[in-house]
Amino acid sequence: MIRIPMVDLQREVAALKNDLMPAIEKVLDNASFIKGSEVDHFDENIQNLLGVKQHISCANGTDALKIALMALEIKAGDEVITSPFTFVATAETIAFVGATPVFTDIDPDTFLMNPDLIEAAITSRTKAIIPVHLFGQMADMDKIMKIAKKHNLKVIEDTAQAIAASQYGKMAGTIGDIGTISYFPSKNLGAYGDAGGLVTNDSDLAQKLAMIANHGSKRKYEHHLIGVNSRLDTMQAAILNVKFKYIKEWIEKRRQVAAWYEKYFNAGVIIPKTLAGNYHTYHQYTIRVKHREAFQKWLADEGMASAVYYPISLDEQPGFIHLSVSNGTDLSHQACKEVVSLPISPWITEAEVREIAERVNQFNG
Ligand SMILES: *Cc1c(COP(=O)(O)O)cnc(C)c1O
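Please read these numbers as outputs of a predicted model, since none were measured by experiment. (Residues numbered from 1 in each chain as written. Predicted model: local features only at pLDDT ≥ 70, side-chain atom pairs only at ≥ 80, totals over all residues. Heavy atoms only, no water.)

(A) The arrangement of a nonpolar patch on the surface in detail. Together, Leu28, Phe33 and Ile34 line one region of the surface with nonpolar side chains, adding up to about 290 Å² of accessible area. Here Leu28 is to be found in helix H1 (residues 9-30). Residue Leu28 is classed as partly exposed on the basis of its relative accessible area, which comes to 49%. (Patch = residues over 30% accessible without salt bridge, like charges linked within 9 Å, V, L, I, M, F, W, Y side chains within 5 Å. Areas by Shrake-Rupley, 256 points an atom, 1.4 Å probe, with all protein chains shown as cover. Salt bridge = Lys/Arg side-chain N within 4 Å of Asp/Glu carboxyl O. Helix = DSSP H or I, 4+ residues; strand = E, 2+ residues; numbered from the N terminus. Buried < 20%, exposed > 50% of the residue type's maximum accessible area, 1.4 Å probe, protein only.)

What follows is the structure in structure tokens.
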């Protein structure tokens, strides 16, 4: 039986119940379930948090990527450069709009896109780069933006795992043309169902994104573009507004948990590195081990959860092999064999972290 889960949403709900119930009741009483006032309030909350002009809510983080690609008019014949070491949605949506995902390898220390490998992958068909701010920290945006400017490419920041992360003071999602966010329940700011959003500082683009998310419509029954039905429902916005109050505090707790792991691990453990200038929000705390299967069983025997993000590099997924281009992804493949993420959340205690760390130390020693 698992005593220490990866994320403890039951602990979270118990702690927030007194805040959540009146917010939910208000939505029920108002009975405005799509585009209620809580949705506008949530947009404002995220705009204030990130210091960005516009937040456009949508149904989930995958739709956010899809809507971003549609708004930038990326289509069949185009290529988009991204990381093979990410959740499937990053590349799936590129293929969904008919374009080709082009994979470049990662930095083995941070698991982030290695910006020094991007230029070699650019062709006359390249239209955009999608850096992924994986596990809670930002890819090297300074280098990526320089390459994008030089080659006239669009940049969509996949910020699903890194809300409120920053790099030299600049917020994740606000540097490229568009940032996409997921509010999936286990993300650092999670709804209690699916939810997503897009951020941009470009007002025209913001209007286009909002239209695409709502059937290409500006006014009811007037359709200017081919869009999708992807709206954030009022109930999820109300829940997110309650949780929003705690987001900064919860990220600080996650950073504390990472520091506890590092305090209790002995020197042999291969811990994740933080890129210079980054404020890491630790969506995941991911180490590397040899003999991963035995390692996970070793933890599970003591009731400690662990998880593998990600076991298969996207260029090796059966669904992508015929659709994508790979520019050498050996380090991604190696990471897929070795990575293991340990429990991290605002709810885990120092005693629990210490127990896990000691168990990890025993496996290594
Ligand atoms: C979670 C996630 C997504 C997709 O978000 P959903 O809300 O689950 O659709 C996209 N990219 C990355 C890197 C993610 O972690």
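(B) Region of interest: the pattern of salt bridges. With the rule as written, the count across this model stands at 21 salt bridges. A salt bridge links Asp78 to Lys75; the shortest N-O distance between them is 3.8 Å. One salt bridge in this structure joins Arg255 and Glu252, with 3.7 Å as the shortest N-O distance. Residue Arg255 and its partner Glu252 are located together in helix H8 (residues 247-264), separated by 3 residues, close to a single helical turn.

(C) View of H8. Here H8 contains 18 residues, and its C-alpha end-to-end distance of 26 Å stays within 8% of the 26 Å for a straight helix at 1.5 Å per residue. Every buried residue of H8 is accounted for by Ile247, Trp250, Ile251, Arg254, Val257, Ala258, Trp260, Tyr261 and Tyr264. (Expected span 1.5 Å × (residues − 1).)

(D) Main features of the sheet that holds strand E12 (residues 325-326). With respect to topology, 8 strands assemble into an open sheet ordered E1-E9-E8-E5-E4-E2-E3-E12, the strand pairing being mixed. Edge strands, defined here as strands with exactly one partner in the open sheet, are strand E1 (54-58) and E12. Across 2 bridges, the pairing between strand E4 (residues 126-130) and strand E5 (residues 154-158) is parallel. Following the sheet pairing, Ala128 is matched in E5 by Lys154. Together, E1, strand E8 (178-182) and strand E9 (196-200) form the strand contacts of helix H2 (residues 37-50), whose direction differs from that of E1 by roughly 135°. (Pairing = 2+ DSSP bridges. Contact = heavy atoms within 4.5 Å. Axes fitted to C-alpha atoms, helices over the stretch in contact; angles between N-to-C directions.)

(E) Spatial organisation of the sheet that holds strand E7 (residues 170-171). Judged by pairing direction, the sheet is antiparallel, and its 3 strands sit side by side in the order E7-E6-E10 without closing on themselves. The open sheet has two edge strands, E7 and strand E10 (278-279), and neither has a second partner. One ladder, built from 2 bridges, connects strand E6 (residues 166-167) with E7; its direction is antiparallel. For Gln167, the partnering residue across the bridge sits in E7 and is Lys170.

(F) Representation of the site of the ligand in the model. The ligand sits among 15 residues. The nearest are Gly61, Thr62, Gln161, Ser182 and Lys187. At 2.7 Å, a backbone N or O of Gly61 approaches an oxygen atom of the ligand. In the model, a nitrogen atom of the ligand is placed 2.8 Å from a nitrogen or oxygen of the Asp158 side chain. Contact with the protein chains hides 93% of the accessible area of the ligand, taken as 380 Å² for the molecule alone. When residues of the shell around the ligand are traced back to their parent elements, those giving at least two are helix H3 (61-71) and helix H4 (89-96). Ranked by residue count, the leading element in the shell around the ligand is H3, at 3 residues. Of the residues belonging to the shell around the ligand, the class tally is 6 nonpolar, 7 polar and 2 charged. (Near = heavy atom within 4 Å. Polar contact = N/O pair within 3.5 Å; in protein donor to acceptor, adjacent residues only side chain to side chain. Nonpolar A, V, L, I, M, F, W, Y, C, P; charged D, E, K, R; others polar.)

(G) A look at the nonpolar core. Formed by 25 residues in total, the largest nonpolar core has its most connected members in Leu69, Ile74, Val80, Leu198 and Leu209. Those elements that provide at least two residues to this core are E1, H3, H4, E4 and helix H6 (203-213). Apart from the residues lying within four places of it in its own chain, the contact partners of Val80 are Leu69, Ile74, Ile94, Ala99, Thr100, Pro101, Val102, Ala128 and Ile130. (Core = buried A, V, L, I, M, F, W, Y, C linked by side-chain atoms within 4.5 Å.)

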